[in-house]
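Structural overview
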Amino acid sequence: KVYCGRMVWIKIINMPGGSVLSKVINSTIPADKKDKVNFPQDVPAALAQHFEHNQLEQRYGGTAPDLKPSETYPYRFFPNPRGEAARGRVHAESQPFVHRATSEVRETEDFSLHDSANL
């Protein structure tokens with residue numbers, strides 16, 4: 001299958017070469033896709049609008065501890081991955097096994113990837 005147009009956006013950070021290399025790469029991106037690719041100068045401000053603070057490392061403006069590259073895999077699941085709007089729902093940190101609490105769940109689409117890790 002082909003999934004054209006699935007990328008909403010990408011933020012490229014910590015790229016060697018700075019603005020010179022950014023301009024070179026940006027020149028190869030088709031005009032109709034340029035709005036999806038961003039080389040932010042203010043990384044914390046650019047990422048804060050898309051992620052919860054506890055998901056971002058401190059060096060990127062969040063509250064999570066900074067990790068060495070060797071510590072980033074396997075991927076960590078974060079509590080409250082969908083933000084304050086999802087509060088009050090059944091979360092993995094409050095239930096040892098989410099499937100035991102299914103009678104409390106009103107909407108199955110409210111499960112996040114974090115919640116499903118305990119299924």
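Everything numeric here is computed off the predicted structure, so don't read it as measured data.

For the protein chain, the count of helices and strands is three helices and two strands. Traced from its N-terminal end to its C-terminal end, the protein chain shows the element sequence β-α-β-α-α. Relative to its full complement of 119 residues, the protein chain shows a buried share of 24%. Of the contacts made within the protein chain by residues no fewer than 6 positions apart, 43% connect residues no fewer than 24 positions apart.

Turning our attention to the side chain of Ser22. Checked against the element boundaries, Ser22 lands in helix H1 (residues 18-27). Ser22 sits in the buried class, given a relative accessible area of 14%. Not counting residues within four places of it along the chain, the set of residues in contact with Ser22 comprises Met15 and Phe39.

Overall, the coordinates contain two salt bridges when judged by the stated rule. When the shortest N-O distance is used, the salt bridge between Asp32 and Lys33 registers 3.8 Å. Residue Asp32 is classed as exposed on the basis of its relative accessible area of 54%. For Lys33, a relative accessible area of 36% puts it in the partly exposed group. Residue Glu57 is joined to Arg59 by a salt bridge in which the shortest nitrogen-to-oxygen separation is 2.6 Å.

Among the surface-exposed residues, Val20, Leu21 and Val24 lie close enough to one another that they form a single nonpolar patch of about 250 Å² accessible area. Within the secondary structure, Val20 sits in helix H1. Classification of Val20 by relative accessible area gives exposed; the value is 61%.

Position of Ile12 relative to the elements: it lies in the loop between strand S1 (10-11) and H1. Along the backbone, Ile12 and Val43 are 31 residues apart, and their C-alpha atoms lie at a distance of 9.3 Å. In this view, Ile12 contacts Val37, Asn38, Phe39 and Pro40; residues no more than four positions away in its chain are not counted.

Enumeration according to the criterion identifies two aromatic pairs in this entry. Look at Trp9 and Phe51: their rings are 6.2 Å apart centre to centre, the planes differ by 90°, and that puts the pair in the edge-to-face class. Here Trp9, found in the segment before S1, pairs with Phe51, found in the loop between helix H2 (43-48) and helix H3 (113-116); they are 42 residues apart in sequence, far enough to count as distant. According to the relative accessible area criterion, Trp9 is partly exposed, its value standing at 30%. Given a relative accessible area of 33%, Phe51 falls into the partly exposed group. Relative to Phe77, the ring of Tyr75 has its centre 5.8 Å away and its plane inclined at 90°; by these criteria the two rings are edge-to-face. On the basis of relative accessible area, Phe77 is assigned to the partly exposed category, the value being 40%. Over the aromatic face of Trp9 sits the side chain of Lys11, whose NZ or CZ is 5.2 Å from the ring centroid.

Criteria and cut-off values
- Residues numbered from 1 in each chain as written.
- Predicted model: local features only at pLDDT ≥ 70, side-chain atom pairs only at ≥ 80, totals over all residues.
- Heavy atoms only, no water.
- Helix = DSSP H or I, 4+ residues; strand = E, 2+ residues; numbered from the N terminus.
- Buried < 20%, exposed > 50% of the residue type's maximum accessible area, 1.4 Å probe, protein only.
- Contact = heavy atoms within 4.5 Å.
- Salt bridge = Lys/Arg side-chain N within 4 Å of Asp/Glu carboxyl O.
- Patch = residues over 30% accessible without salt bridge, like charges linked within 9 Å, V, L, I, M, F, W, Y side chains within 5 Å.
- Areas by Shrake-Rupley, 256 points an atom, 1.4 Å probe, with all protein chains shown as cover.
- Phe/Tyr/Trp six-rings, centres within 6.5 Å; stacked < 30°, edge-to-face > 60°.
- Lys NZ or Arg CZ within 6 Å of the ring centre and 35° of its normal.

Distances and angles like these do not, on their own, reveal function.
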